[in-house]
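# Reading the structure
Next come the chains, spelled out residue by residue.
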Amino acid sequence: MNSSAWAQGNASKPVAPVAAIAQPPAPAVRIGPDFADLVEKANPAVVNIRTTEKVNVRQAQQGFPGIPGIPGLDDDQAEFFRRFFGVPMPTPKQGPNNNKQPQQEEQNRGVGSGFIIESNGFILTNAHVVDGATTIYVTLPDKREFKAKLIGADKRTDVALVKIEANGLPRLQIGDSSKVRVGEWVLAIGSPFGLENTVTAGIVSAKSRDTGDYLPFIQTDVAVNPGNSGGPLLNTRGEVIGINSQIFSRSGGYMGISFAIPMDEAMRVSNQLKVSGKVSRGRIGVAIAEVSKEVAESLGLTKARGALVRNVEPGAPADKAGLEAGDVILSFNDRLIDKSSDLPRIVGDTKPGIKATMQVWRKGSQKELSVVVADLEPAEKVAAKKPDADTAPNAKNSFKVAVTELTDAKRRELGIKSGVEIQNLADGPLSKAGARVGDVIVRVADIDVITPKQFETALKALPKNKAVAVFIRRANSTIVIPVKPGSND
């Protein structure tokens, strides 16, 4: 059968349909949240803040006829033209206002953002937004403008509270910043570069970010630029969880990292500002340092945590409580100290006058001390003493160090009761650990050092090839260095 016959014979027969090839399901497309409803609800409570300051300006005289192109001149300039160019100048009329007193002129100082937290006109913003301002102007999204009164500002946390005379205002709901999760969506509303009602969004990049300031910040990748300062950071429920405060930038503009003040900290400050116009913080009078892994091991701590006490201020609450340089504060009023920067925040949050308890690590065991918290005062700057130059010694102990007994004057100067001064220091374990000639060794491991002879005896009893903590007094601070003893040759 030829092909044409096959085609004719089968033309009338039904052809079975070809089975469809199964296609894999299309991947789900993840779409970000729609912030439109949230912004519509929150936007009326976000305000623009403009500040001005008064500056002295030279009082201008009226223009003089016959000198085209020269604006008003003051008396000195007029005398110059009269003497050297022969131009007749009118004599200024004597009168009560002719005393050359400078006039003050109001000039724009800066712009920022803020948000309403109470319907009767209380507004939160950054302290740096209103710092140095003569007048604060608040503009609402409905274009109404008010002169605001500064209730109080706290530079340490960069929080300020201002008040406008208005009622029935929209306000933002305050969220719980302690429940913020890394990776969750957030958005900022503010006036970057003076552009009002601008919205940007992103995610929380990190929590409790230390930047050297008093507060642990919320780090985000939300675009924040100059003018956003003081504006709210909102979660997807429309609650304000932070105040946009800082950016990391090498250019002055946004580079992908911004920081917000946690709202729980901001509200604590705000409540105090509302009551008294200032913030009271606790202090106990200590200088502290981080506990490194090496220091923790040398002190017998199972992990690196707490705040190492470098110095105790004489007569301060910590001194009266019996705290000593070299102690490690593990907790304060039942709040654990994970890193040293936790301590000033926890103490600062404690009301002055409160009797608090401290868990302290000292000489291989835990000790509880009670301290009465005082008001925070500016820390006095202590001039660091220039260390003496290291000398080449001839010490033959395991630390390769020669020491001498302290004079009474030296003890009084350093505020210590015992210790031995490093006189010579060879190239050995103590010098490699960072000790210097002139340092005072006050403790080795758990042994208080009293005399040079007792110091030598203590060194002989130390285990070999195991790091021990050496407590050194340098200027007005005590440092702890881990040292692994060498051989006695």
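Our subject is the structure that appears above.
This text gives an overview of the structure that appears in the document. Only a predicted model underlies this, so the values are computations on that prediction, with no experimental measurement involved.

Rules behind the numbers
Residues numbered from 1 in each chain as written. Predicted model: local features only at pLDDT ≥ 70, side-chain atom pairs only at ≥ 80, totals over all residues. Heavy atoms only, no water. Phe/Tyr/Trp six-rings, centres within 6.5 Å; stacked < 30°, edge-to-face > 60°. Helix = DSSP H or I, 4+ residues; strand = E, 2+ residues; numbered from the N terminus. Buried < 20%, exposed > 50% of the residue type's maximum accessible area, 1.4 Å probe, protein only. Lys NZ or Arg CZ within 6 Å of the ring centre and 35° of its normal. Pairing = 2+ DSSP bridges. Core = buried A, V, L, I, M, F, W, Y, C linked by side-chain atoms within 4.5 Å. Contact = heavy atoms within 4.5 Å. Salt bridge = Lys/Arg side-chain N within 4 Å of Asp/Glu carboxyl O.

### Here we look at the packing of aromatic side chains
Throughout the structure, instances matching the rule amount to 3 aromatic pairs. Relative to Trp185, the ring of Phe35 has its centre 6.1 Å away and its plane inclined at 65°; by these criteria the two rings are edge-to-face. With Phe35 in the loop between α1 (3-10) and α2 (36-42) and Trp185 in strand β8 (residues 185-190), the pair connects residues that are 150 residues apart, well separated along the chain. Given a relative accessible area of 13%, Phe35 falls into the buried group. Looking at Trp185, the relative accessible area reads 36%, which means it is partly exposed. A cation sits over an aromatic face here: Arg50 above Tyr137, 4.3 Å from the ring centre. A cation over an aromatic ring shows up here: Lys163 above the ring of Phe122, its NZ or CZ 5.4 Å from the ring centre.

### Things to note about the pairing of strand β2 (residues 103-118)
The two faces of the sheet receive side chains in turn, since in a regular strand these alternate between them. Bridge count for β2 against strand β3 (residues 122-125) is 3 bridges, and the pairing is antiparallel. By the bridge assignment, Ile116 is partnered in β3 with Ile123. The loop that links β2 with its antiparallel partner β3 comprises 3 residues; one of these, Gly121, has a positive phi angle of about 110°.

### Observations regarding the nonpolar core
Core analysis: the largest hydrophobic core is formed by 28 residues, its most contacted members being Phe115, Leu124, Leu234, Ile243 and Met263. Here this core takes 5 residues from helix α5 (residues 263-276), the largest share from any one element. Residues within four places of Ile243 in sequence aside, it is in contact with Phe115, Leu124, Asn126, Val159, Gly230, Gly231, Phe259, Ala260, Ile261, Met263 and Ala266. Counting 20 residues, the second-largest nonpolar core is a separate cluster that includes Phe399, Val420, Leu425 and Val449.

### Some words on the pattern of salt bridges
Under the criterion given, the structure shown has 17 salt bridges. Across the pair Glu196 and Lys143 runs a salt bridge whose closest N-O atoms are separated by 3.4 Å. Residue Glu196 is located in the loop between β8 and β9 (198-209), and its partner Lys143 is located in the loop between β4 (135-139) and β5 (145-154); the two are separated by 53 residues in the primary sequence. Residue class for Glu196 comes out partly exposed when judged on its relative accessible area of 31%. A single network of salt bridges, built from pairs that share partners, joins Glu265, Arg268 and Asp349.

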